[in-house]
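Inside the fold
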Amino acid sequence: MIITMVPEPDLTPAEWSRLEALMAALAGDADAYVRELAAEALGRIGGPAAVAALMAALAGDANAAVRRKAVVALGRIGGPAAALKAAMTGDADAWVREFAVEALGRIGGPEAVAALAAALAGDADTAFHRLVAYALGRIGGHAAVDALATALTSNADPNVRQSAVEALSMIAKKYPT
């Protein structure tokens, strides 16, 4: 898939040309490692065109390592929570799902908290729930506290409850009395 975008206003024509080359490599290079490197580079560059290319790779690349790099890059540059939520809940690769949790914890915001709260209430495995709790603790805020308090009082797994306590402690440290 080739992404066609209007050039970003703050890029010179030469810079735009290099960005287009990276997007083309991510979208269509036959070598998965080249696509991985392109995703990593686009994550360092950022901007709407890079986000669009990374979202396309996350949604459509057959190689899990490329999707991993794309989700990490989106977390670095603040990709849309909806795309990261889709990866967290629907990708076949466990690492992509876990990296999506970390990315949501990094970008924060109400959409990220809602996606993470829903994941914490779901029936995923303990290790996944621990990552989700940590991500909520990293974000903080009332909705994160509510989700963590619910996990603390209603989750049957003591490891998840421990993670909820640790995450609540992280939030409490942000707001000392």
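Structure report, in brief. What you are looking at is a predicted structure, and each value in this text was computed from that prediction instead of being measured. (Residues numbered from 1 in each chain as written. Predicted model: local features only at pLDDT ≥ 70, side-chain atom pairs only at ≥ 80, totals over all residues. Heavy atoms only, no water.)

Helix and strand counts for the chain stand at 10 helices and zero strands. Projected onto its principal axes, the C-alpha positions of the chain cover 55 × 35 × 20 Å. Taking the intrachain contacts of the chain between residues at least 6 apart in sequence as the baseline, contacts between residues at least 24 apart amount to 59%. When the accessible area of the chain is evaluated, it comes to approximately 9,000 Å², of which 59% is carbon and sulfur surface. (Helix = DSSP H or I, 4+ residues; strand = E, 2+ residues; numbered from the N terminus. Contact = heavy atoms within 4.5 Å. Areas by Shrake-Rupley, 256 points an atom, 1.4 Å probe, with all protein chains shown as cover.)

Further remarks concern the pattern of salt bridges. Applying the stated criterion across every chain yields a total of five salt bridges. With a shortest N-O distance of 2.7 Å, Arg 35 and Asp 61 are connected by a salt bridge. Within this pair, whereas Arg 35 is found in helix 2 (residues 32–45), its partner Asp 61 is found in the loop between helix 3 (48–60) and helix 4 (64–77), the two being separated by 26 residues in sequence. Given the relative accessible area of 12%, Asp 61 is considered buried. Arg 68 is the salt-bridge partner of Asp 93, the closest N and O atoms lying 2.8 Å from each other. Of this pair, Asp 93 sits in the loop between helix 5 (81–90) and helix 6 (94–107) while Arg 68 sits in helix 4; the two residues are 25 residues apart in sequence, bridging distant segments of the chain. (Salt bridge = Lys/Arg side-chain N within 4 Å of Asp/Glu carboxyl O. Buried < 20%, exposed > 50% of the residue type's maximum accessible area, 1.4 Å probe, protein only.)

Between its first and last C-alpha atoms helix 1 (residues 13–28) spans 22 Å; for 16 residues at 1.5 Å apiece the expected length is 22 Å, and the two agree. Of the residues making up helix 1, those classed as buried are Trp 16, Leu 19, Met 23, Ala 25 and Leu 26. (Expected span 1.5 Å × (residues − 1).)

Assignment of secondary structure puts Phe 128 in helix 8 (residues 126–139). Sequence separation of Phe 128 and Gly 46 is 82 residues, and the distance between their C-alpha atoms is 28 Å. Aside from chain neighbours lying at most four places away, what touches Phe 128 is Met 88, Arg 97, Glu 98, Val 101 and Ala 119.

The topology assignment puts His 129 in helix 8. Given a relative accessible area of 3%, His 129 falls into the buried group. If near-sequence neighbours (up to four positions away) are discounted, His 129 is found in contact with Ala 119, Leu 120, Gly 122, Asp 123, Ala 124, Asn 155 and Val 160.

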